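Here's the letter readout for the chains.
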Amino acid sequence: MSDLAHPDAYRVPPGGPADLAGRDPADRSWFPGTKKEGRRLTKALNRRLEELQELLWAEHRHRLLVVLQAMDTGGKDGTIRHVFDGTNPQGVKVAAFKRPTPDELAHDYLWRVHPHVPGDGEIAIFNRSHYEDVLVVRVHGLVPEDRWRRRYGHIVEFERLLTDEGTTIVKLFLHISKEEQRERLQARLDEPDKRWKFSQADLAERERWDDYQAAYEEALSRTSTDDAPWYVVPADRKWYRNLVVSKILVDCLEALDMRYPDPGDDLAGIVVT
Ligand code: AMP
Ligand code: MG
């Protein structure tokens with residue numbers, strides 16, 4: 001598993017461009033194997049992720065923030081389910097950012113976000129995030145352009161605050177095609193156990209596909225930094241998406257070079273009776 005190179009090609013270079021239009025959502029060029037082999041590898045990576053998360057929790061020194069963004073049906077929920085399957089719920093928390101409440105709207109847009117960042121030993125997964133404030137907010141003109149434009153700078157600085165204080169940040173954009181979204185929305189209508197996920201509003205958002213792609217292009221380009229990089233994960237194939245996400249997270253945790261804490265006392269020779 002470890003002889004697989006890091007999927008660097010999916011990383012948005014600092015300062016951009018994200019080049020979404022030039023990236024194939026069905027790309028699978030990083031992994032040469034079959035779907036079956038890919039799934040097997042994902043399982044092995046997930047087991048490694050479990051170990052690393054245990055270590056992160058035990059060491060209680062580092063913090064990991066994973067930001068997940070995607071168009072509707074892009075696979076945020078499925079990624080969380082598959083990639084974090086088997087991790088210890090103590091130490092992994094998911095924060096989902098929906099339409100702001102009146103109380104949230106009465107504050108600056110980062111006010112509701114900051115309390116959910118990870119503490120020592122924790123992984124926090126953002127299912128949507130502060131990026132909505134330059135995405136949906138831009139597409140729907142919820143605040144004037146001069147206001148949301150200044151947010152790129154705030155966001156870069158906010159994330160710098162977190163990384164300076166010891167948080168590792170990985171940002172993942174699950175990149176699907178418009179045709180794949182059509183199929184997934186249709187499946188939500190056709191399959192009874194998926195219908196709960198369907199919202200009429202998703203169709204109206206789909207009409208603005210190009211506006212969202214433009215908003216994502218600029219957001220990713222302006223906020224991918226060395227310390228808080230964006231990855232554009234090809235997400236038309238779910239198995240490939242899970243594989244790439246697992247690999248990125250495992251590599252990121254491996255790089256922290258963690259150790260189980262030394263208990264301090266000399267425990268040699270102690271026998272529990
Ligand atoms: P879902 O992820 O399907 O549960 O949908 C959540 C909805 O909340 C999406 O339509 C988001 O665009 C919306 N949302 C999240 N954050 C914001 C925000 N800051 N302003 C407006 N809408 C938001
Ligand atoms: Mg939805």
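Throughout what follows, the structure given in this document is the object of discussion.

Cut-offs and rules
- Residues numbered from 1 in each chain as written.
- Chains lettered and ligands numbered in written order.
- Predicted model: local features only at pLDDT ≥ 70, side-chain atom pairs only at ≥ 80, totals over all residues.
- Heavy atoms only, no water.
- Helix = DSSP H or I, 4+ residues; strand = E, 2+ residues; numbered from the N terminus.
- Buried < 20%, exposed > 50% of the residue type's maximum accessible area, 1.4 Å probe, protein only.
- Axes fitted to C-alpha atoms, helices over the stretch in contact; angles between N-to-C directions.
- Parallel < 35°, antiparallel > 145°, perpendicular 65-115°, else oblique.
- Left-handed = near helix turned anticlockwise from the far one by under 90°.
- Contact = heavy atoms within 4.5 Å.
- Nonpolar A, V, L, I, M, F, W, Y, C, P; charged D, E, K, R; others polar.
- Near = heavy atom within 4 Å.
- Polar contact = N/O pair within 3.5 Å; in protein donor to acceptor, adjacent residues only side chain to side chain.
- Areas by Shrake-Rupley, 256 points an atom, 1.4 Å probe, with all protein chains shown as cover.
- Salt bridge = Lys/Arg side-chain N within 4 Å of Asp/Glu carboxyl O.
- Pairing = 2+ DSSP bridges.

1. A short note on unusual backbone geometry
If a residue is not glycine, its phi is most likely negative; likewise, a peptide bond is most likely trans.
Here is step 1: Following glycine 16, the chain continues to proline 17 via a peptide bond in cis, the omega torsion being 0 degrees.
Here is step 2: In this fold, proline 17 is placed in the segment before α1 (35-59).
Here is step 3: Phi is positive for aspartate 19, which is not a glycine, with a value near 55 degrees.
Here is step 4: When its relative accessible area of 38% is taken as the criterion, aspartate 19 is described as partly exposed.
Here is step 5: Backbone geometry places threonine 73, a non-glycine residue, at a positive phi of 70 degrees.
Here is step 6: Topologically, threonine 73 is positioned in the loop between β1 (63-70) and α2 (76-83).

2. Some details on the packing of helix α5 (residues 145-164) against helix α8 (residues 209-223)
Here is step 1: Running from amino to carboxyl end, α5 crosses α8 at an angle of 40 degrees, the nearest separation of the two axes being 10 Å. Taken as axis vectors, α5 and α8 run oblique relative to one another. In the packing of α5 onto α8, the handedness of the crossing is right-handed. Contact with α5, carried on its side by Arg149, Tyr152, Ile155, Val156 and Glu159, involves Glu218, Ala219, Arg222 and Thr223 of α8 and no other residues of that element.
Here is step 2: Among the residues forming the contact of α5 with α8, the class breakdown is four nonpolar, one polar and four charged.

3. Observations concerning the site of ligand 1
Here is step 1: Looking at ligand 1, the residues that line it are Phe97, Lys98, Arg99, Pro100, Arg112, Arg128, Glu132, Asp133, Val136, Val137 and Leu142.
Here is step 2: At 3.2 Å from an oxygen atom of ligand 1 is found a main-chain nitrogen or oxygen belonging to arginine 99.
Here is step 3: Between a nitrogen atom of ligand 1 and a side-chain N or O atom of aspartate 133, the distance comes to 3.1 Å.
Here is step 4: For ligand 1, the accessible surface in isolation is 500 Å², of which the surrounding protein chains cover 75%.
Here is step 5: Taken together, the residues of the shell around ligand 1 break down into five nonpolar, no polar and six charged.

4. Digging into the pattern of salt bridges
Here is step 1: By the definition in use, this model includes 22 salt bridges.
Here is step 2: Between aspartate 72 and arginine 128 there is a salt bridge; the shortest N-O distance is 3.0 Å. Remark: arginine 128 occurs in the loop between β3 (123-127) and α4 (136-139) and aspartate 72 occurs in the loop between β1 and α2; sequence separation between them is 56 residues.
Here is step 3: Owing to a relative accessible area of 16%, aspartate 72 belongs among the buried residues under this scheme.
Here is step 4: A salt bridge links glutamate 218 to arginine 149; its shortest N-O distance comes to 2.7 Å.

5. Considerations on the pairing of β1
Each regular strand shows side chains that alternate between the opposite faces of the sheet.
Here is step 1: For β1, a buried count of seven out of eight residues is recorded, marking the element as mostly surrounded by other parts of the structure.
Here is step 2: Across eight bridges, the pairing between β1 and strand β4 (residues 167-175) is parallel. Considered in β4, the bridge of leucine 65 is made with isoleucine 169.
Here is step 3: One ladder, built from five bridges, connects β1 with β3; its direction is parallel. In the sheet register, valine 66 faces β3, and the bridge partner there is isoleucine 125.

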